[in-house]
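The lines below spell out each chain.
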There are 2 protein chains.
Amino acid sequence: MVTLAEVAQHAGVSASTVSYVLSGKRSISVNTRQRVERSIRELGYHPNAGARALASSRSNIIALMVPLRTDMYVPVMMEIAIAVATTARAHGYDVLLLTGEEGPDAVRRVAGSGLADGMILMDVELDDERLPLLRETDRPAVLIGLPADTAGLTCVDLDFKATGALCVEHLAQRGHRDIAVIGEAPAVYERHTGFAERTLDGLRGRARELGLGLLHRPCEGGYDAMAVTLARILDERPGTTGFVVQNESAVEPLLALLRQQGRAVPEDVSVVAICPEQVAVQASVRLTSVAIPAQEMGRLAVEQLVAKLDGRGGDEVVLIAPELTLRASSGPAPAR
Amino acid sequence: MVTLAEVAQHAGVSASTVSYVLSGKRSISVNTRQRVERSIRELGYHPNAGARALASSRSNIIALMVPLRTDMYVPVMMEIAIAVATTARAHGYDVLLLTGEEGPDAVRRVAGSGLADGMILMDVELDDERLPLLRETDRPAVLIGLPADTAGLTCVDLDFKATGALCVEHLAQRGHRDIAVIGEAPAVYERHTGFAERTLDGLRGRARELGLGLLHRPCEGGYDAMAVTLARILDERPGTTGFVVQNESAVEPLLALLRQQGRAVPEDVSVVAICPEQVAVQASVRLTSVAIPAQEMGRLAVEQLVAKLDGRGGDEVVLIAPELTLRASSGPAPAR
DNA sequence: GAGGGCTGTCGAAGCGCTTCGACAATCTCT
DNA sequence: AGAGATTGTCGAAGCGCTTCGACAGCCCTC
């Protein structure tokens, strides 16, 4: 392993000079800089991460805590994770992947050991048990998702409340009066995942304001579950003509079942999805949808975190405005 | 931040003793051990990762390189990544998430800086450009996937060749004579991803042995692409009664299209999928399938790597035997 | 009961880097 | 021309840990 000292010797300067060339924290003559850079290249030098972390108490690593469960939105999670990793690299950081398995202890361990300089938490619950730990730690953190109490925290998320409202408005404008919401799996609501509840808030609030009927039903993914859920909905509210779906794995089953029952989309019923772009365009009917901007969420989270690590910027809640894209699955409500 | 020295003082022993309590590398009297452990707990001590890495030249981190692209098998990737992370933690390692973005340089950087003790590479191509670097590095590595030349490498993968053979056999046994293979996106073959080609090998080899017709067509996911592909296949080989699908995002479109054309599954045509269990059971027809054992692959990869890090075990190719699960999508070929 | 082997503990060296203060050399004013 | 500021470089200290050799005390054994 090549060390700083060897580079220094090779370039005929002192170790500290090499260090300053690397960090740019003191000015170095062009001549010296070039000599050093040349030595670095020729020797194939890579600074030792451990030594660097020890001396500077900065690891240049950020921890990303992903949920262990895979009961929802896996592609979204993956996309976020990848966006986090690439953005982090662009800022000179590496990413440590933590699963929820360890639970809150992971926060303690990572903060305590100086393994990471900061962390990004995904899949935040309204009253997340990791938050107290996060608050008492001095390590900066950014949440992807919104807990109930955001005091002292930096959060990044799609504005799910506005998303809900937007979906309702879209259907209302087209004359739909009875709307059904196919939600996430019941478990998602039971653990009070912020985004699901906030979407519901937005949906309900807007529906009330506009005087629409709104029926919300959680739904596991898959055909069987969707069949049961749909039957119940149509039984309870036969006049339903608008659907809002917030569950990737219910989208296709819903479309298939509607087709099977002879309900044409969008002639008889309209469907609006809250899902990644890709799902919307690959579905059997191209879906009018509000996209979940996974990449942007990941990127923003890292940028917020890096800002905090650099001592810039404080606690902030960054909500991304939803955008509804009109596709083939929604249209005017049928005449009654 | 609490340090080793503070723990030592609190417990009334020397720093080295605390270190030995932690590592277990020398025997310590029960009495002393307990005092030290108590101090550690009371002070909330966490060893500093950087210092540890520097002194021991072991970071207790393994790097996981995931592909940047998301043109295939995202849920599988995610599942593997999570399995890697959890298994690694069980062995005392953390996981560093690298994307393919950096390319081969990432290997150099991680190995050179001592950031990670070893690495796991996913999405291996037959002639992967990271392999030469890997071979010249002294850091142990494990591949998930199989390159063309496995000399000096440890690899873990599903036996895709056997998987292909198994699918053909299954259909042959049920009397199907003409089989079509819906493959991954063309790009996957273009970059010579090992698993796709090996599956094809297995399919073709077995089909030849059994005297069956086999038509392979790469296919982008989604309805439109699938529609085009299917039309071409049926045009070229109208007698096709068996389908093998190796592309998650083509599964549902295929089923929908067949239904739409009045071809019943499994009465008129049989479908066998190579996909994660979840996709197979959630599809609109429960699919006879060979599961991709993502969790096991992740777990095995970590275990192989840890073994190498411990100086146990050498280079090995671990192939997981495929298992075909019979579900509702395959049956006897219709009488001609 | 002297010699040899264990056990349990300690002190010190050092891992490879960052960073602070010092200082010589050079430049910029009046 | 001399004081003062600026620039570029160096040496040394120290980050918190692991690990090696040393050694005191103990238990056996012949």
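Residues numbered from 1 in each chain as written. Chains lettered and ligands numbered in written order. Predicted model: local features only at pLDDT ≥ 70, side-chain atom pairs only at ≥ 80, totals over all residues. Heavy atoms only, no water.

Participant: Looking at this structure, how should I read the packing of helix α4 (residues 49-56) of chain A against helix α4 (residues 49-56) of chain B?
Facilitator: Think of two packed helices as two axes; the pair is described by the angle between the axes and how far apart they sit. It is the contact of α4 of chain A with α4 of chain B, at a shortest axis distance of 7 Å, that shows an interaxial angle of 135 degrees. It follows from the interaxial angle that α4 of chain A and α4 of chain B lie oblique. Crossing geometry of α4 of chain A relative to α4 of chain B is assigned as left-handed. On the side of α4 of chain A, the interface is formed by Gly50, Ala51, Ala53 and Leu54 of chain A, while α4 of chain B contributes Gly50, Ala51, Ala53 and Leu54 of chain B. Looking at the contact of α4 of chain A with α4 of chain B residue by residue, the class counts come to six nonpolar, two polar and no charged. (Axes fitted to C-alpha atoms, helices over the stretch in contact; angles between N-to-C directions. Helix = DSSP H or I, 4+ residues; strand = E, 2+ residues; numbered from the N terminus. Parallel < 35°, antiparallel > 145°, perpendicular 65-115°, else oblique. Left-handed = near helix turned anticlockwise from the far one by under 90°. Contact = heavy atoms within 4.5 Å. Nonpolar A, V, L, I, M, F, W, Y, C, P; charged D, E, K, R; others polar.)

Participant: I would appreciate a short explanation of the domain arrangement of chain A in the present structure.
Facilitator: Where interface size is quoted, it is often the accessible area lost as the parts come together. Residue and element names in this part refer to chain A. Taken domain by domain, chain A holds domain 1 (4-47), domain 2 (61-158 + 294-320) and domain 3 (160-291). Taking only C-alpha atoms, the centre of domain 2 and the centre of domain 3 are 29 Å apart. Counting residues at the interface gives 13 residues for domain 2 and 18 residues for domain 3. Overall, the association of domain 2 and domain 3 removes approximately 1,300 Å² of surface from exposure, summing both partners, and the carbon and sulfur fraction of that is 56%. At the boundary of domain 2 with domain 3, the tally comes to two salt bridges. Salt-bridge contacts for Asp157 lead to Arg198; the nearest nitrogen and oxygen are separated by 2.4 Å. At the level of secondary structure, the elements contributing two or more residues to the side of domain 2 that touches domain 3 comprise α5 (74-90) and β5 (154-158). Grouping the amino acids of the side of domain 2 that touches domain 3 by side-chain chemistry returns eight nonpolar, no polar and five charged. (Domains from an automatic or database assignment. Buried area = accessible area lost by both parts, 1.4 Å probe. Salt bridge = Lys/Arg side-chain N within 4 Å of Asp/Glu carboxyl O.)

Participant: In this structure, what is going on with the sheet that holds strand β11 (residues 317-320) of chain A? I would like to understand it.
Facilitator: In any sheet, the strands associate via hydrogen bonds between backbone groups, in a parallel or an antiparallel arrangement. Strand order in the open sheet made by the twelve strands is β11(A)-β5(A)-β4(A)-β3(A)-β1(A)-β2(A)-β2(B)-β1(B)-β3(B)-β4(B)-β5(B)-β11(B), with mixed pairing throughout. Each having just a single partner strand, β11 of chain A together with β11 (317-320) of chain B make up the two edges of the open sheet. Pairs of neighbouring strands in the sheet enclose a mean axial angle of 20 degrees, with direction left out of account. (Pairing = 2+ DSSP bridges.)

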